[in-house]
Amino acid sequence: MPVKNPILDDVFVAFQVIPRLKEGNNFEVVDKAIEVVKAADVPYQVGAMETTMKGELNYLLEVVKKAQQACYDAGAVEVITNIKIHSKTEAATDTFCTYDRGVTKANHMFV
């Protein structure tokens, strides 16, 4: 059994897809990417500018790749994908991205 690596196994990945279409509505294409995230069975939050997920890094990156492919499958001719990754060691208990400060409406799905 592989050893659990907290730096890779418990990360936040935020991503944004920006599809370009010859015709049609970009929002409908972005919705297809969000459907991929919903089906991934990970904690997530959809925001106005990006979607944030929590989980194992390699799995989350696969979700991002599938979301990007969903844009192409929905008619995009090109897609810009911006990705942010937040990882931490076990020693990081009071950094800006930990949720030890309490549960709020914005972070309840990550606690």
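Up top is the structure.
Here's what I pulled together on the structure shown here. This is a predicted model, so every value here is computed, not measured.

## As for the overall build of the protein
Within the protein one finds three helices and four strands. In sequence order, the secondary structure elements of the protein are arranged as α-β-α-β-β-α-β. A total of 111 residues make up the protein; the buried ones form 29% of that total. The contacts in the protein between residues at least 6 apart in sequence include a share of 68% that link residues at least 24 apart. Accessible surface, the protein as shown: approximately 7,400 Å² in total, 55% of it carbon and sulfur.

## A short note on the packing of helix H2 (residues 26-39) against helix H3 (residues 57-73)
Contact geometry for H2 and H3: axes closest at 8 Å, N-to-C directions at 150°. When the axes of H2 and H3 are compared, the pair comes out roughly antiparallel. Relative to H3, H2 is oriented so that their crossing is right-handed. The residues of H3 that touch H2, namely those facing Val29, Lys32, Ala33, Val36 and Val37, are Val63, Lys66, Ala67, Ala70 and Cys71. Looking at the contact of H2 with H3 residue by residue, the class counts come to eight nonpolar, no polar and two charged.

## Quick word on the pattern of salt bridges
Scanning the model with the defined rule gives four salt bridges in all. Measuring nitrogen to oxygen at the nearest pair gives 3.8 Å for the salt bridge that ties Asp10 to Lys54. In this pair, Asp10 sits in the loop between helix H1 (6-9) and strand E1 (11-20) while Lys54 sits in strand E3 (residues 51-55), placing the two residues 44 residues apart along the sequence.

## Notes on the pairing of E3
The buried fraction of E3 is high, at four of five residues. Connecting strand E2 (residues 44-46) to the next strand, E3, in antiparallel fashion are four residues.

## Examining the pairing of E1
The buried fraction of E1 amounts to seven of the 10 residues, a majority that puts the element mostly inside the structure. For E1 and E3, the ladder comprises five bridges, and the chain directions are antiparallel. Paired with Phe12 across the bridge in E3 is Lys54. Where E1 and strand E4 (residues 78-86) come together, nine bridges link them in antiparallel fashion. From the neighbouring strand, Ile18 faces E4, where its bridge partner is Ile80.

## Considerations on the sheet that holds E2
Spatial ordering of the open sheet is given by E2-E3-E1-E4, a layout of four strands whose pairing is antiparallel. Looking at the sheet topology across the chains shown, the edges are occupied by E2 and E4. Along the sheet, successive strands turn relative to each other by an average axial angle of 15°, direction set aside. With respect to the sheet, H3 is in contact with E1, E3 and E4, its orientation differing from that of E4 by roughly 160°.

Thresholds, definitions, all that
- Along each chain, numbering runs from 1 in the same order as the chain's sequence is written.
- Only residues with pLDDT of at least 70 are given local features in this predicted model, and only at 80 or more are side-chain atom pairs given and counted; all residues enter the totals for whole chains, interfaces and linings.
- For the side-chain quantities, the full set of heavy atoms in the structure was used; hydrogens and water were omitted.
- Numbering goes from the N terminus for both helices and strands, where a helix is a DSSP run of H or I of at least four residues and a strand is a run of E of at least two.
- Each residue's exposure class comes from its accessible area (1.4 Å probe, protein chains only) as a fraction of the maximum for that residue type: buried when under 20%, exposed when over 50%, partly exposed otherwise.
- Only heavy atoms enter the contact rule, under which two residues are in contact if any of them lie within 4.5 Å.
- The method behind every accessible area is Shrake-Rupley, applied with a 1.4 Å probe, and residues are considered shielded solely by the protein chains displayed.
- Each axis is a line fitted through C-alpha atoms, taken for helices only over the stretch in contact, and angles between the N-to-C directions span 0 to 180 degrees.
- Throughout, the term roughly parallel applies to angles under 35 degrees, roughly antiparallel to angles over 145, roughly perpendicular to angles from 65 to 115, and oblique to all others.
- Left-handed describes a crossing whose near helix is turned anticlockwise from the far helix by less than a right angle; the clockwise case is right-handed.
- Residue polarity follows a fixed list, in which Ala, Val, Leu, Ile, Met, Phe, Trp, Tyr, Cys and Pro are nonpolar, Asp, Glu, Lys and Arg are charged, and the others, Gly among them, are polar.
- Note on definitions: salt bridges are taken to be side-chain nitrogens of Lys or Arg within 4 Å of carboxyl oxygens of Asp or Glu.
- Two strands make a pair as long as DSSP finds a minimum of two bridges between them.

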